[in-house]
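Secondary and tertiary structure notes
Each chain is listed here by its residues.
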Amino acid sequence: MPKLVTIYGGSGFVGRHIARRMAKEGWLVRVAVRRPNEALFVKPYGTVGQVEPFPCNIRDDASVEAAMQGADAVVNCVGVLGEHRKNTFDATMAEGAERVARLAAANGVATMVHVSAIGADADSDSAYARAKAKGEAAVLSHMPGAMILRPSVIFGQGDGFFDRFGSLSQFGPVLPIVGGNTRFQPVFVDDVAAAAVKGVLGEASGTYELGGPDVGTLRDFVDQTLEVTLRKRLVVNLPQGLAGLMAWACDMAQSVLMGLIENKILTRDQLKLLQQDNVVSEGAKTLEDLGIKPTNTATVLPDYLWRYRVSGQYAAIKDSAKNLKV
């Protein structure tokens, strides 16, 4: 009989890649999400009935426990980049992670994989980083053999990094950025999924920091985005004071409007995160330790950033046509 894995947040950016890979491994996949009707796209990842969305709220014990009934393994991918209404950092990434691990242990689930982030630190100035650290500690207190994955910024189609700057490059001659000198080590989303599968299959445990082969500043990767999208923009690194004022204004707008809009521009907490490099620590276990060769950005970016070119998918054809002799 096929084994079953429950993936919390399984329709999200990382979770859907894990779901697809687990289906290929022959497992039944239960995708635990708040709105199952919006996650129907995961069903074709496997054969009929192999991958199924399941209603679940990470903040509710009964909901989380119901989603893991009969599961052989659980994967927690739930995370938020900014706080909005009840979805605070602690509620989703600390208490939510603890809830999954505690109930998994109580229900005899053998294996757990938890997706955290590089920079998780209980003493950080950032509430996001502190919540990630609390989540890791809670998971290991209930499931000591769990695999913890700490990726750097994750890239791939639909990401919030290269995709975001590609979108911004379409508007105006100036592209403002914040934290241009902060170093990142982008990791391909499918490499993160491959690492998670190793944990689900029981081939690895412990904590791994995941980064790709490319290490550079935010400015370096913005320049790479512009190169791939064939756009010329004046990239301006905003002063810290001005960035702080902008983040405060965006946060206040969300607060004054009582959460009717979500601040997806820049939060004060994100500004704190941008003051710290986001790269793999020296001596940490990495993708290579899992037998996974990291994918570089140049291999993947053209596959999904082409739509931000002036001529979209026809840019290369138009450029080639210039060389034709009449």
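Refer to the structure printed above.
Residues numbered from 1 in each chain as written. Predicted model: local features only at pLDDT ≥ 70, side-chain atom pairs only at ≥ 80, totals over all residues. Heavy atoms only, no water.

Time to look at unusual backbone geometry. Leave glycine aside and you will find that most residues have negative phi; peptide bonds, for their part, are mostly trans. A positive phi angle, close to 60 degrees, is found at Leu230, a residue other than glycine. One can find Leu230 in the loop between α7 (218–229) and β13 (234–237). If you check the backbone angles, Met258 has positive phi at about 55 degrees while not being a glycine. Counting through the fold element by element, Met258 comes out in the loop between α8 (240–256) and α9 (268–273). A residue is classified by how much of its surface remains accessible, and Met258, at 70% relative accessible area, is exposed. (Helix = DSSP H or I, 4+ residues; strand = E, 2+ residues; numbered from the N terminus. Buried < 20%, exposed > 50% of the residue type's maximum accessible area, 1.4 Å probe, protein only.)

For any two helices packed against each other, the geometry comes down to the angle between their axes and how far apart the axes lie. Their axes nearest at 8 Å, the elements helix α3 (residues 89–106) and helix α4 (residues 127–142) cross at an angle of 5 degrees. It follows from the interaxial angle that α3 and α4 lie roughly parallel. When α3 is examined against α4, the residues Phe89, Asp90, Met93, Ala94, Ala97, Glu98, Ala101, Arg102 and Ala105 are found in contact with a partner set consisting of Ala127, Tyr128, Ala131, Lys132, Lys134, Gly135, Ala138, Val139 and His142. Classifying every residue of the contact of α3 with α4 by side-chain character gives 11 nonpolar, 2 polar and 5 charged. (Axes fitted to C-alpha atoms, helices over the stretch in contact; angles between N-to-C directions. Parallel < 35°, antiparallel > 145°, perpendicular 65-115°, else oblique. Contact = heavy atoms within 4.5 Å. Nonpolar A, V, L, I, M, F, W, Y, C, P; charged D, E, K, R; others polar.)

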